[in-house]
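Overview (structure and organization)
Residue strings, one per chain:
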Amino acid sequence: LRESAPARTIIGRLFGKSVTELIAHGGRMWVEMSVPRADTMQAYAATQIASSLLELRATEPPARTGSGRSGATLWSRAWLPMVWTYGWATVAFVTYLGSAFFQYPTTVDSTQWRMFVSGIALLLSPLTIWLAARWMRDSIMARLVLGEFIVIGTIGFVIGAGVVAERGNIELAWSPIETSQAEVTARSSKRWRRHTDYFLFLTPFVPGETEPAKVKVHRTLYQTLGTDPLAQVEVKWRIGAFGQPIVVEAPTSVPKQ
């Protein structure tokens, strides 16, 4: 109906006859209209609209190349948004689960940096939704696909962007590895359902940084350092591919002199 010029002409005429909505689905058509309450006016309007609908049914679709099946045309428009939707959802899920097996290398201030990247992805989400809607055009099936794109795709994109950027920052790093000593300024732990994460806040060891660096460590080192206010650790680090520093292996305690 959208691609047939005669059909568009008839649809325009329908909307000029008190029709407010036209729905075509499953080989049937419905119209919603607003007319005066007088029976004669309703009968007249219904007759005119029925005549236009019969004329609309008689229009021929435009010639198509290939099989010409509407399902194939719809899929050709829907597959890209669907790949985006479930691709990001799968990547976010697999990468998040896989992060449990990667102790080191680890990103400095990893949680804060992932949230920063996810925030950028969230700001870009309206643009991706607009592009997907423009790409698929308007149809009942396109609205269903777009609904999945908005709900599942946006959540997957926002979460996945953070974890994927973190892994890319680590795996694509090429800068030389350096060794520094840093003082432990604070400690923290995060209790999850089945495990506990341990963190050390270290004096800045990356040139140009002024804020303490939050580094995830093993429980053994966390307990070894205890609450010693003068504790120091040796850190092997490098600059990641996206500029965020990386601790390449587990920090070690520096013996006191």
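Heads up: the structure comes first, above all this text.
Residues numbered from 1 in each chain as written. Predicted model: local features only at pLDDT ≥ 70, side-chain atom pairs only at ≥ 80, totals over all residues. Heavy atoms only, no water.

1. Some remarks on the nonpolar core
Ranked by internal contacts, the top residues of the largest apolar core, which has 20 residues, are Leu200, Leu202, Phe205, Val217 and Val233. Listing elements by their share of this core, those giving two or more residues are strand 4 (178-191), strand 5 (196-202), strand 6 (213-217), helix 6 (219-225) and strand 7 (232-239). Those residues within four positions of Phe205 in sequence are excluded, and the remaining contacts are Val108, Ser180, Ala182, Ala213, Val235, Trp237 and Val247. Counting nine residues, the second-largest nonpolar core is a separate cluster that includes Leu14, Val19, Leu22 and Leu53. (Core = buried A, V, L, I, M, F, W, Y, C linked by side-chain atoms within 4.5 Å. Buried < 20%, exposed > 50% of the residue type's maximum accessible area, 1.4 Å probe, protein only. Helix = DSSP H or I, 4+ residues; strand = E, 2+ residues; numbered from the N terminus. Contact = heavy atoms within 4.5 Å.)

2. Here we look at helix 1 (residues 5-15)
Those residues of helix 1 that fall on the buried side of the exposure criterion are Ala7, Ile10, Ile11 and Leu14. For helix 1, the angular spread of the buried residues around the axis is 100°, confining them to a single face. (Arc of directions from axis to C-beta.)

3. Topic: the packing of helix 4 (residues 110-136) against helix 5 (residues 140-171)
Packing of helix 4 against helix 5 brings their axes to within 8 Å, and their N-to-C directions diverge by 150°. By the angle between their axes, helix 4 is roughly antiparallel relative to helix 5. In the packing of helix 4 onto helix 5, the handedness of the crossing is right-handed. Partitioned by chemical class, the residues of the contact of helix 4 with helix 5 number 20 nonpolar, seven polar and two charged. (Axes fitted to C-alpha atoms, helices over the stretch in contact; angles between N-to-C directions. Parallel < 35°, antiparallel > 145°, perpendicular 65-115°, else oblique. Left-handed = near helix turned anticlockwise from the far one by under 90°. Nonpolar A, V, L, I, M, F, W, Y, C, P; charged D, E, K, R; others polar.)

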